[in-house]
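Structural characterization, general
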Amino acid sequence: MELEMETSKMLKSNTVRSIPIEFTDLTYQVNVPKQKEKKTVLKGISGTFLPGELTAIMGPSGAGKSSLMNILTGFTKTGVTGTIKFGDAPKARKLCCYIMQDDHFYAWFTVEETMMLAASLKISNESMPIRDRKLLIEQILETLKLTKTKHTRCSRLSGGQKKRLSIALELIDNPAVLFLDEPTTGLDSSSSFDTIKLLQKLASHGRTIVCTIHQPSSNIYNLFNQIYVMSQGYCTYQGTPDRTVDYFKSIGLECPPYHNPADFLLECVNGDYGDYTMALAEAAQKPEWRHDYNRSRPAIMASDKIVEANLEITSNGKVLHAQETFSNNSSHLYPPPEWMRLWLLIGRCHVQIFRDWSLTHIKLLMHILCAIIIGLLFGDSGSNADKQLSNFGSYLVHTLYLWYTTIMPGVLRFPQEIAIIKKESFNNWYKLRTFYLASLITSTPVHIILSTVYMTITYLMTDQPLEVDRFVKMILTSMMLTICADGLGIFLGTILNPVNGTFVGAVATCFMMIFSGFLILLTHMSDFMRMISYVSPIRYGLENMVLAMYSNNRQDTICPDDVLYCHFKNAATVLKSFGMENGNYGMNLGILVLQLVIYKSCAYFTLKRQVKRQ
Ligand SMILES: Nc1ncnc2c1ncn2[C@@H]1O[C@H](COP(=O)(O)OP(=O)(O)OP(=O)(O)O)[C@@H](O)[C@H]1O
């Protein structure tokens, strides 16, 4: 009762556009490996989902429910024929949102923070000032019984609370159409009932709500306005829940007394009483059973009335007739410009970096610790003429350390977030390029700080020359190498799964090390093999560190008194011995920058492809 009152209160303050969804003769074909013929998943199905109603798509596993949902939401486009109409609005698709089966949020943010950020990303300051946005959020949280959890971090919410938060987030900009993929999965019977009841209320105020559902209890089943049953790619019933028993009786399938009609329906379409698929598909077309034929006009008119009857008070106090908004062909809540969203996303990334101590604090600590150990290991190799070979080796250690500790987290970065990115970008929170840019802008300073800390410690501890230009060159090289490793890492992470990504990343690192010019000198490689070394960023990183230290008339290193002969005392001898006397620092740095730009650009396109994939 309380829930109903709260829901009505919230819903009355927002006008919903009526958008009926109509699809006709929808066919979906997919290629099946090793088979000449395409598989037909959806076989010319039609249907109407009306505004003001909650529709359940039901059917046995493999019937085509998710395929239909993915086509209607726009996730699947290839292999689809037929027509889909979202009312008569050309941009109606933008008024829809899709709540996926699994609820993914950034774990380090509270419910209130998550709601506030979503509101800021979806609604501009001009169309609703912050104060009103806060009120709206309070109202939505209250309606969805989330007020008590508003200071709880999202990772600590229960399954039911997470589901309600997913719905709350999408209600912020008052969508006209909501698709939900199995909203009751993982919930107990009472939470499932509450969720469907809430959806029914939201629908009753003019929204078109469609969800897939598996085996609902009879009390949940009766909450739906329309049931759309699928079997083997056909529509085998589209009508009200209370008429299912009569419908099946009309083709000779009698529901046993005291049997849940929803269970009976699934048993029938599962073939438990024989294969009636074609008979049901035919009967489902008959107007007397079809809910849309029987109810479409009254339902649409009723929802129009809701729209017309509501006087809408916008945030800045203006009173608008709902009909005015309706005929304007757009919602009154405008999204902020993309640069504002970029700013907000940068803020979110920063907060995440500082709250998630595994992201930065542990990394910083490990870099300091490892730099000290490596510094102690190589000792005075930078100034001791007898240890120049080891000193050269220390540069390889630096390149490998920085490369390896960056490429692996890079591989894992987006796979961890992909479900959230998919949800948010699909529901028009931001454009993917905005998110990607924000991610680059926030991660780059972290790489710069980490590599600088590591290099400064090792530089000083290994007694390298105290000359500013050499130090700066060393730092610049380590920064570019680190950012380049991050680029390759995220590229691999967006084309491969995490297991394969880490494996390929490790193998690639091994090969880059072999071709770096230390384990086998560049001059000892055949021309063909040397060509391969040109793609190894570690080669450029290592060569640049060596050039930074030994070129430009570096002073001779000191040969200890107890050593008779120091072959590498002279810097030019070192460069010549390792075949790097003709190396060009600026060119190498330029190639590193070019490679990182290529990796990061490719990663954007592969990320985009992954986000669009189902
Ligand atoms: N891209 C695809 N390639 C090959 N087969 C596909 C593809 N998409 C769907 N199918 C097949 O189409 C059928 C319907 O799949 P869909 O996922 O829509 O079923 P569903 O009713 O949602 O099942 P469930 O309830 O188990 O999720 C299945 O047999 C599935 O294997």
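How each quantity is defined
- Residues numbered from 1 in each chain as written.
- Predicted model: local features only at pLDDT ≥ 70, side-chain atom pairs only at ≥ 80, totals over all residues.
- Heavy atoms only, no water.
- UniProt positions renumbered as here; feature names shortened; annotations may be inferred.
- Near = heavy atom within 4 Å.
- Polar contact = N/O pair within 3.5 Å; in protein donor to acceptor, adjacent residues only side chain to side chain.
- Helix = DSSP H or I, 4+ residues; strand = E, 2+ residues; numbered from the N terminus.
- Phe/Tyr/Trp six-rings, centres within 6.5 Å; stacked < 30°, edge-to-face > 60°.
- Buried < 20%, exposed > 50% of the residue type's maximum accessible area, 1.4 Å probe, protein only.
- Lys NZ or Arg CZ within 6 Å of the ring centre and 35° of its normal.
- Disulfide = S-S within 2.5 Å.
- Pairing = 2+ DSSP bridges.
- Axes fitted to C-alpha atoms, helices over the stretch in contact; angles between N-to-C directions.
- Contact = heavy atoms within 4.5 Å.
- Core = buried A, V, L, I, M, F, W, Y, C linked by side-chain atoms within 4.5 Å.
- Domains from an automatic or database assignment.

The chain appears in an unreviewed UniProt entry as ABC-2 type transporter from Musca domestica. According to the UniProt record, the Subcellular location (unreviewed entry) comment for the chain reads "Membrane". Listed in UniProt under the heading Sequence similarities (unreviewed entry), the comment for the chain reads: "Belongs to the ABC transporter superfamily. ABCG family. Eye pigment precursor importer (TC 3.A.1.204) subfamily."

Around the ligand, 13 residues are found, and the nearest of them are Ser 61, Gly 62, Lys 65, Ser 66 and Ser 67. In this structure, an oxygen atom belonging to the ligand sits 2.9 Å away from a side-chain N or O atom of Lys 39. Ser 67 places a polar side-chain atom, nitrogen or oxygen, 2.6 Å from an oxygen atom of the ligand. For the shell around the ligand, the elements supplying multiple residues, two or more each, are strand 1 (21–30), strand 2 (39–49) and helix 2 (65–73). Looking at which element gives the most residues to the shell around the ligand, the answer is helix 2, with three residues.

Turning our attention to the UniProt feature "transmembrane region" (unreviewed entry) in the chain. Taking the UniProt record as the reference, the feature "transmembrane region" (unreviewed entry) is found at residues 364–383, 395–414, 435–462, 474–496, 503–522 and 585–607. Each end of residues 364–383 is marked by a C-alpha atom, and these two atoms are 28 Å apart; helix forms 75% of the span and strand 0%. Taken end to end, residues 395–414 is 100% helix and 0% strand, and its first and last C-alpha atoms sit 30 Å apart.

The subject of this paragraph is the packing of aromatic side chains. Geometrically, a pair of aromatic rings is defined through the distance of the ring centres and the angle of the planes. Per the stated rule, a full pass over the model turns up 19 aromatic pairs. Here the aromatic rings of Tyr 237 and Tyr 247 are separated by 4.5 Å at their centres, their planes lie at 40 degrees, and the arrangement is tilted. Here the residue Tyr 237 occupies a position in strand 9 (residues 234–239), and Tyr 247 occupies one in helix 8 (residues 244–250), the gap between them amounting to ten residues. Classification of Tyr 247 by relative accessible area gives buried; the value is 0%. When the ring of Phe 248 is compared with that of Phe 264, the centres are 5.8 Å apart and the planes differ by 80 degrees; the resulting orientation is edge-to-face. Of this pair, Phe 248 sits in helix 8 while Phe 264 sits in helix 9 (residues 261–270), and the two are 16 residues apart along the sequence. Taken as a pair, Phe 248 and Phe 264 share a single burial class, namely buried. These aromatic residues form a ring-pair network of at least three members: Phe 414, Tyr 430, Phe 435, Tyr 436, Tyr 604 and Phe 605. Stacked on the ring of Tyr 585, the Lys or Arg Lys 473 has its end atom at 5.2 Å from the ring centre. The ring of Tyr 550 carries Arg 554 above its face, with NZ or CZ at 5.5 Å from the centroid.

So, about the environment of Gly 590. Structurally, Gly 590 is set in helix 22 (residues 585–612). Between the alpha carbons of Gly 590 and Thr 399 there is a distance of 17 Å; along the sequence they are 191 residues apart.

With that settled, consider the state of the cysteines. In protein structure, a disulfide is the covalent linkage between the sulfur atoms of two cysteines. On inspection of all chains with the given rule, the structure shows one disulfide. With its sulfur 1.8 Å from that of its partner, Cys 559 forms a disulfide with Cys 566. Here Cys 559 and Cys 566 share a disulfide; its torsion about the S-S bond, 75 degrees, makes the bridge right-handed. We note that Cys 97 lacks a disulfide partner, and the nearest cysteine sulfur, in Cys 96, lies 7.9 Å from it. Look at Cys 97 and you get buried, because its relative accessible area is 3%. Here Cys 484 stays free of any disulfide, with the sulfur of Cys 602 as its closest cysteine sulfur at 12 Å. Residue Cys 484 is classed as buried on the basis of its relative accessible area, which comes to 0%.

Right, let's talk about the sheet that holds strand 1 for a bit. In space, the three strands of this open sheet follow the order 2-1-4, with antiparallel pairing throughout. Edge positions in the sheet fall to strand 2 and strand 4 (80–86), since each has one partner strand and no second. Taken pair by pair, the neighbouring strands of this sheet meet at an average axis angle of 15 degrees, ignoring direction. The pairing of strand 1 with strand 4 spans six bridges and is antiparallel. Across the sheet, the residue bridging to Thr 24 is Thr 83, located in strand 4. Relative to the sheet, helix 2 contacts strand 1, strand 2 and strand 4, its axis offset from that of strand 1 by approximately 115 degrees.

With that settled, the discussion passes to the nonpolar core. Leu 68, Met 115 and Phe 179 are the most contacted members of the largest nonpolar core, which totals 112 residues. The element best represented in this core is helix 3 (residues 111–122), accounting for seven residues. No fewer than three residues from each of domain 1 (18–104 + 174–290) and domain 2 (338–612) sit in this core. Ignoring anything within four residues of it in the chain, the contact list for Met 115 reads Ile 137, Ile 140, Leu 141, Leu 165, Ala 168, Leu 169 and Ile 172.

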